[in-house]
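Each chain, letter by letter, is given below.
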Amino acid sequence: MQIETKGKPGVLVVTNNFFSDAESAAMDVGMPTIRIVRVPAEFYYKARVSVEEMRPVAANAIGAITAALTKPLTAAEAKPKPMDKASVKQTIKVTGKSYSEAAEKVNAQFLSNRWSDGLPIVPPTREAVKLMLTGTSRAPTEVLGKVAIKNGIATIEKIAINSVMAGAKPEYLPVIIAAMEAMLDKDFDLKHLLASTGSCTPVIQVNGPIAKEIDINSGIGYMGHGWRANSTIGRAVRMCTINLGHVWPQANDMGLTGREAAYTNYTFAENEEDSPWKPYHVDLGFKPEESTVTVSSMMWYLRQGPGGAVTTHTPEEQLQILNKILVDMGYPTTPARAWLWSKRYIVGMDPGLARELAKRGYTKDKVKQYFFENARVPYSALFKNDIRGLREAVEDGRISNVVSLDMLREGGLIPVVKGPDFIHLVVVGGMPGYTGVWSYPGPNFGHVTKKIKGATLTKAGK
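Residues numbered from 1 in each chain as written. Predicted model: local features only at pLDDT ≥ 70, side-chain atom pairs only at ≥ 80, totals over all residues. Heavy atoms only, no water.

Trainee: If you had to explain the packing of helix H7 (residues 156-166) against helix H8 (residues 173-183) to someone new, which residues and values would you point to?
Mentor: Relative orientation of the contacting elements H7 and H8 amounts to 115°, with a least axis distance of 10 Å. Once H7 is placed against H8, the crossing between them reads as right-handed. Residues Ile156, Ile159, Ala160 and Ser163 of H7 lie in contact with H8, whose contacting residues are Leu173, Ile176, Ile177 and Met180. Counted by class, the contact of H7 with H8 contains 7 nonpolar, 1 polar and no charged residues. (Axes fitted to C-alpha atoms, helices over the stretch in contact; angles between N-to-C directions. Helix = DSSP H or I, 4+ residues; strand = E, 2+ residues; numbered from the N terminus. Left-handed = near helix turned anticlockwise from the far one by under 90°. Contact = heavy atoms within 4.5 Å. Nonpolar A, V, L, I, M, F, W, Y, C, P; charged D, E, K, R; others polar.)

Trainee: Tell me about helix H15 (residues 351-359), residues and numbers included.
Mentor: Among the residues of H15, Pro351, Leu353, Ala354 and Leu357 are the ones counted as buried. End-on, the buried residues of H15 take up no more than an arc of 160°, which puts them together on one face. The secondary structure elements touched by the buried residues of H15 are helix H13 (315-328), strand E9 (344-349), helix H16 (364-374) and strand E12 (423-427). Two or three places before Gly352, at the opening of H15, Asp350 has a side-chain oxygen 3.2 Å from that residue's backbone nitrogen. Just downstream of H15, Gly361 is the residue with a positive phi angle, here 90°. (Buried < 20%, exposed > 50% of the residue type's maximum accessible area, 1.4 Å probe, protein only. Arc of directions from axis to C-beta. Polar contact = N/O pair within 3.5 Å; in protein donor to acceptor, adjacent residues only side chain to side chain.)

Trainee: Please provide a residue-by-residue account of the pairing of strand E5 (residues 201-207), values included.
Mentor: Within E5, 7 of the 7 residues are buried, leaving the element largely enclosed by the surrounding structure. Burial along E5 is two-sided: the residues Thr201, Val203, Gln205 and Asn207 and Pro202, Ile204 and Val206 are all buried. As judged from the 7 bridges shared by E5 and strand E7 (residues 292-298), these two strands associate in the antiparallel manner. Opposite Asn207, over in E7, you have Thr292 as the bridge partner. (Pairing = 2+ DSSP bridges.)

Trainee: So what's going on with the packing of aromatic side chains? Residues and values would help.
Mentor: The relative placement of two aromatic rings is captured by the distance of their centres and the angle of their planes. Within the structure shown, the criterion is met by 8 aromatic pairs. Ring centres of Tyr301 and Trp438 lie 4.6 Å apart, and the angle between their planes is 10°; on these two criteria the pair is classed as stacked. Residue Tyr301 is found in strand E8 (residues 300-302), and its partner Trp438 is found in strand E13 (residues 436-440); the two are separated by 137 residues along the sequence. Exposure remark for Trp438: the relative accessible area of 0% places this residue in the buried category. Grouped by ring-pair contacts, the aromatic residues Tyr222, Tyr266, Phe268, Tyr301 and Trp438 constitute a single cluster. Positioned over the ring face of Phe372 is Arg376, at 5.2 Å from the centre of the ring. The positively charged end of Arg398 is found above the aromatic ring belonging to Trp341, 4.5 Å away from the centroid. (Phe/Tyr/Trp six-rings, centres within 6.5 Å; stacked < 30°, edge-to-face > 60°. Lys NZ or Arg CZ within 6 Å of the ring centre and 35° of its normal.)

Trainee: Describe in detail unusual backbone geometry, supporting the description with residues and values.
Mentor: Residues Ala148 and Ile149 are joined by a peptide bond in cis, for which omega reads 20°. Residue Pro432 is reached from Met431 by a cis peptide bond, and omega for that bond is 0°. Take Pro432: it is sitting in the loop between E12 and E13. At Gln250, a residue that is not glycine, the phi angle is positive and equals roughly 70°. Mapped onto the fold, Gln250 is located in the loop between helix H11 (228-243) and strand E6 (266-269). Gln250 gets classed as exposed once you look at its relative accessible area, which sits at 65%.

Trainee: For the environment of Asp185, give the residues involved together with the corresponding values.
Mentor: For Asp185, the position within the fold is in the loop between H8 and helix H9 (190-195). The spatial distance from the C-alpha of Asp185 to the C-alpha of Gly446 is 9.2 Å, given a sequence separation of 261 residues. Non-local contacts of Asp185, meaning those with residues more than four positions away in its chain, are made with Val448 and Lys450.

Pasting the structure below:
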(Lines give C-alpha, C1' and ligand atoms only; values in the text may rest on other atoms or scores of the structure.)
Protein backbone atom coordinates (compact mmCIF):
# COMPACT_ATOMS: atom_id res chain seq x y z
CA MET A 1 0.00 0.00 0.00
CA GLN A 2 1.28 3.51 -0.81
CA ILE A 3 -0.41 6.66 0.48
CA GLU A 4 0.77 10.04 -0.78
CA THR A 5 0.73 12.78 1.87
CA LYS A 6 2.85 15.36 -0.02
CA GLY A 7 5.52 15.57 2.63
CA LYS A 8 3.14 16.05 5.53
CA PRO A 9 2.15 13.54 8.22
CA GLY A 10 -1.07 11.60 7.95
CA VAL A 11 -2.93 9.42 10.41
CA LEU A 12 -4.29 5.90 10.26
CA VAL A 13 -6.72 5.33 13.13
CA VAL A 14 -6.84 1.66 14.06
CA THR A 15 -9.99 0.77 16.00
CA ASN A 16 -8.71 -2.64 16.98
CA ASN A 17 -5.21 -3.76 17.84
CA PHE A 18 -4.80 -4.97 14.26
CA PHE A 19 -1.10 -4.32 13.88
CA SER A 20 1.70 -5.59 16.06
CA ASP A 21 4.80 -3.43 16.40
CA ALA A 22 6.57 -5.54 13.78
CA GLU A 23 3.62 -5.18 11.42
CA SER A 24 3.52 -1.44 11.96
CA ALA A 25 7.21 -1.21 11.15
CA ALA A 26 6.66 -3.16 7.96
CA MET A 27 3.83 -0.82 7.02
CA ASP A 28 6.12 2.17 7.56
CA VAL A 29 8.22 1.01 4.61
CA GLY A 30 5.32 1.73 2.28
CA MET A 31 3.73 4.55 4.30
CA PRO A 32 6.59 6.48 5.92
CA THR A 33 4.53 9.58 6.72
CA ILE A 34 1.51 7.75 8.13
CA ARG A 35 1.32 7.60 11.92
CA ILE A 36 -0.85 5.01 13.59
CA VAL A 37 -3.20 5.98 16.39
CA ARG A 38 -4.74 3.04 18.20
CA VAL A 39 -8.19 3.11 19.78
CA PRO A 40 -8.38 -0.04 21.94
CA ALA A 41 -11.04 -2.49 20.81
CA GLU A 42 -12.07 -3.00 24.42
CA PHE A 43 -13.52 0.53 24.44
CA TYR A 44 -14.38 1.17 20.79
CA TYR A 45 -16.53 -1.84 19.93
CA LYS A 46 -18.85 -1.72 22.92
CA ALA A 47 -19.20 2.08 22.61
CA ARG A 48 -20.74 1.80 19.13
CA VAL A 49 -24.15 1.19 20.70
CA SER A 50 -24.75 4.95 21.03
CA VAL A 51 -23.26 8.38 20.30
CA GLU A 52 -23.19 9.12 24.02
CA GLU A 53 -20.95 6.15 24.77
CA MET A 54 -18.73 6.77 21.76
CA ARG A 55 -18.12 10.47 22.50
CA PRO A 56 -15.58 9.97 25.35
CA VAL A 57 -13.77 7.27 23.37
CA ALA A 58 -13.39 9.65 20.44
CA ALA A 59 -12.38 12.50 22.75
CA ASN A 60 -9.57 10.43 24.20
CA ALA A 61 -8.20 9.81 20.72
CA ILE A 62 -8.37 13.42 19.50
CA GLY A 63 -5.21 14.46 21.34
CA ALA A 64 -3.17 11.65 19.82
CA ILE A 65 -4.58 12.32 16.35
CA THR A 66 -3.82 16.05 16.64
CA ALA A 67 -0.27 15.39 17.78
CA ALA A 68 0.32 12.90 14.97
CA LEU A 69 -0.90 15.38 12.37
CA THR A 70 1.02 18.39 13.66
CA LYS A 71 4.34 16.96 14.82
CA PRO A 72 7.00 17.60 12.13
CA LEU A 73 8.28 14.65 10.14
CA THR A 74 11.39 12.97 11.44
CA ALA A 75 14.37 12.53 9.16
CA ALA A 76 13.53 8.83 8.74
CA GLU A 77 9.94 9.66 7.82
CA ALA A 78 10.91 12.40 5.38
CA LYS A 79 13.55 10.30 3.63
CA PRO A 80 12.85 6.60 4.24
CA LYS A 81 15.49 4.09 3.29
CA PRO A 82 14.64 2.28 0.04
CA MET A 83 14.19 -1.45 0.24
CA ASP A 84 17.34 -3.34 -0.63
CA LYS A 85 16.01 -5.62 -3.35
CA ALA A 86 19.35 -7.39 -3.56
CA SER A 87 18.81 -8.68 -0.01
CA VAL A 88 15.66 -10.51 -1.05
CA LYS A 89 16.87 -14.02 -1.73
CA GLN A 90 15.28 -16.11 -4.45
CA THR A 91 16.49 -19.33 -2.84
CA ILE A 92 17.62 -20.36 0.62
CA LYS A 93 19.94 -23.17 1.59
CA VAL A 94 19.26 -25.31 4.64
CA THR A 95 21.60 -28.05 5.85
CA GLY A 96 21.53 -30.65 8.58
CA LYS A 97 23.23 -33.82 9.74
CA SER A 98 20.35 -35.75 8.20
CA TYR A 99 17.42 -35.11 5.88
CA SER A 100 15.08 -35.12 8.88
CA GLU A 101 17.09 -32.46 10.66
CA ALA A 102 17.23 -30.31 7.52
CA ALA A 103 13.49 -30.72 6.97
CA GLU A 104 12.78 -29.65 10.54
CA LYS A 105 14.98 -26.58 10.05
CA VAL A 106 13.03 -25.73 6.90
CA ASN A 107 9.75 -25.97 8.78
CA ALA A 108 11.04 -23.86 11.65
CA GLN A 109 12.39 -21.18 9.33
CA PHE A 110 9.25 -21.04 7.20
CA LEU A 111 7.00 -20.72 10.22
CA SER A 112 9.15 -18.04 11.85
CA ASN A 113 9.03 -16.08 8.57
CA ARG A 114 5.24 -16.56 8.33
CA TRP A 115 5.56 -18.66 5.18
CA SER A 116 3.68 -21.64 6.61
CA ASP A 117 0.35 -22.41 8.26
CA GLY A 118 1.83 -24.15 11.30
CA LEU A 119 1.60 -27.71 10.01
CA PRO A 120 4.66 -29.42 8.52
CA ILE A 121 5.27 -28.47 4.89
CA VAL A 122 6.90 -30.17 1.93
CA PRO A 123 10.10 -28.19 1.15
CA PRO A 124 9.55 -26.38 -2.18
CA THR A 125 12.80 -27.36 -3.85
CA ARG A 126 13.50 -26.44 -7.47
CA GLU A 127 12.93 -30.05 -8.48
CA ALA A 128 9.62 -30.29 -6.61
CA VAL A 129 8.30 -27.05 -8.12
CA LYS A 130 9.39 -28.13 -11.61
CA LEU A 131 7.51 -31.40 -11.14
CA MET A 132 4.42 -29.56 -9.89
CA LEU A 133 4.42 -27.34 -12.98
CA THR A 134 4.11 -30.43 -15.22
CA GLY A 135 0.45 -30.46 -14.16
CA THR A 136 -0.39 -27.42 -16.27
CA SER A 137 0.36 -26.12 -19.75
CA ARG A 138 0.09 -22.53 -18.55
CA ALA A 139 3.28 -20.45 -18.46
CA PRO A 140 4.95 -20.19 -15.04
CA THR A 141 5.24 -16.41 -15.49
CA GLU A 142 1.52 -15.90 -16.22
CA VAL A 143 0.10 -13.32 -13.82
CA LEU A 144 -3.35 -13.97 -12.35
CA GLY A 145 -3.63 -10.83 -10.24
CA LYS A 146 -2.98 -9.35 -6.81
CA VAL A 147 -3.81 -11.28 -3.65
CA ALA A 148 -5.35 -9.39 -0.72
CA ILE A 149 -4.54 -8.33 1.95
CA LYS A 150 -1.14 -6.93 0.91
CA ASN A 151 -1.57 -7.41 -2.83
CA GLY A 152 1.25 -9.79 -3.63
CA ILE A 153 1.41 -10.86 -7.28
CA ALA A 154 0.02 -14.32 -8.03
CA THR A 155 1.73 -16.17 -10.86
CA ILE A 156 1.35 -19.78 -11.95
CA GLU A 157 4.82 -20.56 -10.57
CA LYS A 158 4.10 -19.00 -7.18
CA ILE A 159 0.87 -20.99 -6.94
CA ALA A 160 2.86 -24.11 -7.81
CA ILE A 161 5.36 -23.36 -5.02
CA ASN A 162 2.57 -23.10 -2.46
CA SER A 163 0.97 -26.25 -3.85
CA VAL A 164 4.21 -28.15 -3.25
CA MET A 165 4.33 -26.88 0.32
CA ALA A 166 0.73 -28.01 0.86
CA GLY A 167 1.51 -31.56 -0.29
CA ALA A 168 -0.55 -31.44 -3.48
CA LYS A 169 0.06 -33.58 -6.55
CA PRO A 170 0.76 -32.04 -9.99
CA GLU A 171 -2.63 -33.34 -11.16
CA TYR A 172 -4.30 -31.03 -8.66
CA LEU A 173 -2.57 -27.85 -9.83
CA PRO A 174 -5.16 -26.81 -12.48
CA VAL A 175 -7.88 -27.05 -9.82
CA ILE A 176 -5.85 -24.91 -7.40
CA ILE A 177 -5.17 -22.35 -10.13
CA ALA A 178 -8.88 -22.11 -10.98
CA ALA A 179 -9.73 -21.65 -7.30
CA MET A 180 -7.25 -18.79 -7.07
CA GLU A 181 -8.67 -17.26 -10.25
CA ALA A 182 -12.11 -17.28 -8.65
CA MET A 183 -10.80 -15.58 -5.51
CA LEU A 184 -9.01 -12.93 -7.57
CA ASP A 185 -12.08 -12.16 -9.67
CA LYS A 186 -13.34 -8.57 -9.44
CA ASP A 187 -16.67 -9.88 -8.10
CA PHE A 188 -15.04 -11.73 -5.21
CA ASP A 189 -14.53 -9.76 -2.01
CA LEU A 190 -11.30 -11.48 -0.98
CA LYS A 191 -10.17 -8.84 1.50
CA HIS A 192 -13.30 -9.25 3.62
CA LEU A 193 -12.97 -13.03 3.50
CA LEU A 194 -9.37 -12.94 4.73
CA ALA A 195 -9.51 -10.10 7.26
CA SER A 196 -13.02 -10.17 8.75
CA THR A 197 -13.41 -10.49 12.51
CA GLY A 198 -16.24 -12.91 11.70
CA SER A 199 -13.70 -15.64 10.80
CA CYS A 200 -15.02 -16.27 7.29
CA THR A 201 -13.73 -19.38 5.48
CA PRO A 202 -14.00 -20.19 1.77
CA VAL A 203 -16.02 -23.09 0.42
CA ILE A 204 -14.22 -24.66 -2.56
CA GLN A 205 -16.57 -26.81 -4.64
CA VAL A 206 -15.38 -28.80 -7.66
CA ASN A 207 -17.68 -29.95 -10.47
CA GLY A 208 -17.19 -32.01 -13.60
CA PRO A 209 -15.23 -35.12 -14.54
CA ILE A 210 -11.89 -33.96 -13.11
CA ALA A 211 -13.28 -34.43 -9.59
CA LYS A 212 -13.62 -38.18 -10.06
CA GLU A 213 -10.39 -38.44 -12.03
CA ILE A 214 -8.25 -37.02 -9.20
CA ASP A 215 -10.40 -38.61 -6.46
CA ILE A 216 -11.95 -35.61 -4.71
CA ASN A 217 -14.34 -36.98 -2.09
CA SER A 218 -18.00 -36.10 -2.64
CA GLY A 219 -19.62 -38.88 -0.61
CA ILE A 220 -19.62 -40.00 3.02
CA GLY A 221 -16.97 -38.13 4.98
CA TYR A 222 -16.57 -35.44 2.30
CA MET A 223 -15.65 -32.85 4.94
CA GLY A 224 -13.26 -35.15 6.78
CA HIS A 225 -9.74 -36.49 6.46
CA GLY A 226 -8.42 -39.29 4.30
CA TRP A 227 -8.57 -37.72 0.83
CA ARG A 228 -5.37 -36.11 -0.31
CA ALA A 229 -7.08 -34.10 -3.05
CA ASN A 230 -9.63 -32.46 -0.75
CA SER A 231 -7.06 -31.70 1.92
CA THR A 232 -4.18 -30.42 -0.17
CA ILE A 233 -6.20 -28.44 -2.74
CA GLY A 234 -7.81 -26.50 0.09
CA ARG A 235 -4.51 -26.16 1.93
CA ALA A 236 -2.71 -24.90 -1.20
CA VAL A 237 -5.27 -22.11 -1.53
CA ARG A 238 -4.71 -21.18 2.12
CA MET A 239 -0.91 -21.21 1.62
CA CYS A 240 -1.31 -18.86 -1.36
CA THR A 241 -3.22 -16.37 0.77
CA ILE A 242 -0.50 -16.57 3.43
CA ASN A 243 2.48 -16.18 1.10
CA LEU A 244 1.02 -14.03 -1.67
CA GLY A 245 -1.47 -12.04 0.37
CA HIS A 246 0.80 -11.93 3.44
CA VAL A 247 -2.13 -12.75 5.69
CA TRP A 248 -1.41 -13.57 9.32
CA PRO A 249 -3.55 -13.97 12.48
CA GLN A 250 -3.44 -11.04 14.91
CA ALA A 251 -1.59 -8.96 12.31
CA ASN A 252 -4.15 -8.42 9.56
CA ASP A 253 -6.28 -11.57 9.77
CA MET A 254 -8.58 -10.56 12.61
CA GLY A 255 -10.78 -13.66 12.74
CA LEU A 256 -11.68 -13.45 16.40
CA THR A 257 -12.19 -17.15 17.03
CA GLY A 258 -10.07 -18.31 14.11
CA ARG A 259 -11.32 -20.02 11.00
CA GLU A 260 -13.00 -23.39 11.53
CA ALA A 261 -11.39 -24.95 8.48
CA ALA A 262 -8.29 -22.77 8.49
CA TYR A 263 -5.91 -25.40 7.13
CA THR A 264 -7.85 -26.99 4.28
CA ASN A 265 -10.89 -24.74 3.85
CA TYR A 266 -14.23 -26.41 3.06
CA THR A 267 -13.13 -28.39 -0.01
CA PHE A 268 -15.26 -31.04 -1.75
CA ALA A 269 -16.82 -32.10 -5.04
CA GLU A 270 -20.52 -32.27 -5.81
CA ASN A 271 -21.87 -35.83 -5.81
CA GLU A 272 -23.08 -35.67 -9.40
CA GLU A 273 -23.35 -39.44 -9.73
CA ASP A 274 -26.00 -39.83 -7.01
CA SER A 275 -27.85 -36.60 -7.74
CA PRO A 276 -31.28 -36.66 -9.44
CA TRP A 277 -30.65 -33.19 -10.85
CA LYS A 278 -28.21 -31.58 -13.25
CA PRO A 279 -24.80 -30.72 -11.76
CA TYR A 280 -24.32 -27.26 -10.32
CA HIS A 281 -21.95 -26.11 -13.08
CA VAL A 282 -24.38 -27.20 -15.79
CA ASP A 283 -27.04 -25.03 -14.14
CA LEU A 284 -24.64 -22.13 -14.67
CA GLY A 285 -24.30 -22.85 -18.40
CA PHE A 286 -21.15 -24.97 -18.48
CA LYS A 287 -21.07 -28.24 -20.42
CA PRO A 288 -21.27 -31.53 -18.47
CA GLU A 289 -17.83 -32.55 -19.75
CA GLU A 290 -16.27 -29.30 -18.54
CA SER A 291 -14.86 -29.02 -15.03
CA THR A 292 -15.19 -26.02 -12.74
CA VAL A 293 -14.32 -24.66 -9.31
CA THR A 294 -16.76 -22.52 -7.35
CA VAL A 295 -15.32 -20.53 -4.45
CA SER A 296 -17.63 -18.89 -1.90
CA SER A 297 -17.10 -16.76 1.19
CA MET A 298 -18.83 -18.34 4.18
CA MET A 299 -19.14 -17.35 7.83
CA TRP A 300 -21.41 -19.99 9.36
CA TYR A 301 -21.56 -23.74 8.79
CA LEU A 302 -24.07 -26.21 10.17
CA ARG A 303 -22.96 -29.73 9.30
CA GLN A 304 -25.84 -31.70 10.75
CA GLY A 305 -29.10 -30.63 9.19
CA PRO A 306 -31.91 -33.12 8.44
CA GLY A 307 -31.00 -36.65 7.44
CA GLY A 308 -28.58 -39.03 9.06
CA ALA A 309 -28.97 -42.58 10.33
CA VAL A 310 -30.57 -42.00 13.73
CA THR A 311 -33.96 -40.37 13.27
CA THR A 312 -36.31 -40.27 10.32
CA HIS A 313 -38.34 -37.44 8.82
CA THR A 314 -40.47 -37.22 5.72
CA PRO A 315 -39.10 -35.09 2.87
CA GLU A 316 -41.69 -32.43 3.71
CA GLU A 317 -40.57 -32.38 7.34
CA GLN A 318 -36.95 -32.12 6.26
CA LEU A 319 -37.77 -29.06 4.18
CA GLN A 320 -39.39 -27.50 7.24
CA ILE A 321 -36.27 -28.24 9.31
CA LEU A 322 -34.10 -26.64 6.63
CA ASN A 323 -36.35 -23.57 6.60
CA LYS A 324 -35.74 -23.14 10.31
CA ILE A 325 -31.98 -23.56 9.84
CA LEU A 326 -31.93 -20.86 7.16
CA VAL A 327 -33.84 -18.49 9.43
CA ASP A 328 -31.81 -19.20 12.56
CA MET A 329 -28.33 -19.54 11.05
CA GLY A 330 -26.04 -17.05 12.74
CA TYR A 331 -28.87 -16.00 15.03
CA PRO A 332 -29.16 -13.72 16.91
CA THR A 333 -26.45 -11.50 15.40
CA THR A 334 -27.78 -8.59 13.41
CA PRO A 335 -26.29 -9.62 10.03
CA ALA A 336 -28.14 -12.94 10.19
CA ARG A 337 -31.45 -11.16 10.07
CA ALA A 338 -31.09 -7.70 8.60
CA TRP A 339 -28.57 -8.07 5.77
CA LEU A 340 -30.84 -9.99 3.42
CA TRP A 341 -29.75 -7.78 0.52
CA SER A 342 -26.36 -9.47 0.60
CA LYS A 343 -26.98 -12.73 2.44
CA ARG A 344 -26.39 -16.02 0.66
CA TYR A 345 -26.65 -19.73 1.46
CA ILE A 346 -25.17 -22.93 0.13
CA VAL A 347 -27.39 -25.90 0.89
CA GLY A 348 -25.36 -29.11 0.58
CA MET A 349 -28.25 -31.55 0.30
CA ASP A 350 -27.64 -35.25 0.86
CA PRO A 351 -28.49 -37.49 -2.13
CA GLY A 352 -31.22 -39.38 -0.26
CA LEU A 353 -33.30 -36.27 0.38
CA ALA A 354 -32.61 -34.93 -3.10
CA ARG A 355 -33.91 -38.14 -4.69
CA GLU A 356 -37.06 -38.20 -2.56
CA LEU A 357 -37.81 -34.60 -3.43
CA ALA A 358 -37.22 -35.30 -7.12
CA LYS A 359 -39.73 -38.17 -6.96
CA ARG A 360 -42.29 -35.66 -5.70
CA GLY A 361 -41.71 -33.36 -8.64
CA TYR A 362 -39.23 -30.97 -7.06
CA THR A 363 -36.61 -29.45 -9.31
CA LYS A 364 -33.73 -27.41 -7.91
CA ASP A 365 -35.58 -24.23 -8.82
CA LYS A 366 -38.70 -25.40 -7.00
CA VAL A 367 -36.69 -26.23 -3.88
CA LYS A 368 -35.01 -22.81 -3.92
CA GLN A 369 -38.36 -21.09 -4.47
CA TYR A 370 -39.82 -23.04 -1.54
CA PHE A 371 -37.04 -21.80 0.73
CA PHE A 372 -37.45 -18.23 -0.49
CA GLU A 373 -41.17 -18.26 0.20
CA ASN A 374 -41.04 -20.07 3.55
CA ALA A 375 -37.74 -19.19 5.24
CA ARG A 376 -38.83 -15.87 6.76
CA VAL A 377 -37.97 -13.92 9.89
CA PRO A 378 -40.92 -12.61 11.95
CA TYR A 379 -40.94 -8.86 12.56
CA SER A 380 -41.21 -9.54 16.30
CA ALA A 381 -37.72 -11.12 16.24
CA LEU A 382 -36.02 -7.98 14.92
CA PHE A 383 -34.04 -5.46 16.98
CA LYS A 384 -34.28 -1.70 16.43
CA ASN A 385 -31.06 -1.64 14.39
CA ASP A 386 -32.41 -4.47 12.22
CA ILE A 387 -35.60 -2.56 11.50
CA ARG A 388 -33.74 0.67 10.77
CA GLY A 389 -31.37 -1.11 8.37
CA LEU A 390 -34.24 -2.85 6.57
CA ARG A 391 -36.18 0.41 6.22
CA GLU A 392 -33.15 2.12 4.71
CA ALA A 393 -32.62 -0.79 2.29
CA VAL A 394 -36.27 -0.64 1.18
CA GLU A 395 -36.18 3.13 0.71
CA ASP A 396 -32.92 3.14 -1.29
CA GLY A 397 -34.18 0.33 -3.52
CA ARG A 398 -31.83 -2.50 -2.53
CA ILE A 399 -34.64 -4.81 -1.42
CA SER A 400 -37.80 -2.95 -2.46
CA ASN A 401 -38.65 -5.76 -4.89
CA VAL A 402 -39.00 -8.33 -2.08
CA VAL A 403 -39.65 -6.32 1.10
CA SER A 404 -42.24 -3.58 1.61
CA LEU A 405 -42.62 -1.16 4.49
CA ASP A 406 -45.90 -2.95 5.28
CA MET A 407 -43.85 -6.04 6.20
CA LEU A 408 -41.96 -4.03 8.81
CA ARG A 409 -44.72 -4.08 11.39
CA GLU A 410 -46.25 -6.60 13.77
CA GLY A 411 -47.24 -9.77 11.95
CA GLY A 412 -44.82 -9.13 9.10
CA LEU A 413 -42.52 -11.84 7.72
CA ILE A 414 -39.22 -10.89 6.08
CA PRO A 415 -37.41 -13.27 3.66
CA VAL A 416 -33.86 -14.28 4.60
CA VAL A 417 -32.49 -13.53 1.11
CA LYS A 418 -33.25 -11.15 -1.73
CA GLY A 419 -34.33 -13.93 -4.07
CA PRO A 420 -34.18 -17.69 -4.70
CA ASP A 421 -30.97 -17.38 -6.71
CA PHE A 422 -29.14 -16.46 -3.50
CA ILE A 423 -29.73 -20.02 -2.30
CA HIS A 424 -27.23 -22.31 -4.04
CA LEU A 425 -28.30 -25.95 -4.00
CA VAL A 426 -25.74 -28.73 -4.48
CA VAL A 427 -25.94 -32.45 -3.83
CA VAL A 428 -23.13 -33.81 -1.69
CA GLY A 429 -22.50 -36.61 0.79
CA GLY A 430 -23.53 -40.23 0.85
CA MET A 431 -26.59 -42.27 1.76
CA PRO A 432 -27.42 -41.91 4.54
CA GLY A 433 -26.18 -38.37 4.84
CA TYR A 434 -26.84 -35.04 6.51
CA THR A 435 -27.77 -31.84 4.71
CA GLY A 436 -25.21 -29.17 5.56
CA VAL A 437 -25.72 -25.42 5.24
CA TRP A 438 -23.24 -22.57 4.86
CA SER A 439 -24.19 -18.92 5.11
CA TYR A 440 -22.52 -15.58 4.43
CA PRO A 441 -23.82 -12.14 5.46
CA GLY A 442 -21.10 -10.13 3.79
CA PRO A 443 -21.16 -6.61 2.43
CA ASN A 444 -20.33 -7.89 -1.06
CA PHE A 445 -20.84 -11.10 -2.94
CA GLY A 446 -17.97 -13.58 -2.77
CA HIS A 447 -19.29 -16.38 -4.98
CA VAL A 448 -17.49 -17.05 -8.29
CA THR A 449 -17.19 -20.06 -10.61
CA LYS A 450 -14.21 -20.59 -12.94
CA LYS A 451 -13.57 -23.19 -15.60
CA ILE A 452 -10.58 -25.47 -15.02
CA LYS A 453 -8.17 -25.31 -17.95
CA GLY A 454 -4.60 -26.13 -18.91
CA ALA A 455 -4.51 -29.60 -17.33
CA THR A 456 -1.84 -31.88 -18.80
CA LEU A 457 -1.95 -34.98 -16.58
CA THR A 458 -5.71 -35.64 -16.63
CA LYS A 459 -8.25 -36.24 -19.38
CA ALA A 460 -10.49 -33.52 -17.96
CA GLY A 461 -9.63 -29.85 -17.57
CA LYS A 462 -7.51 -29.56 -20.70
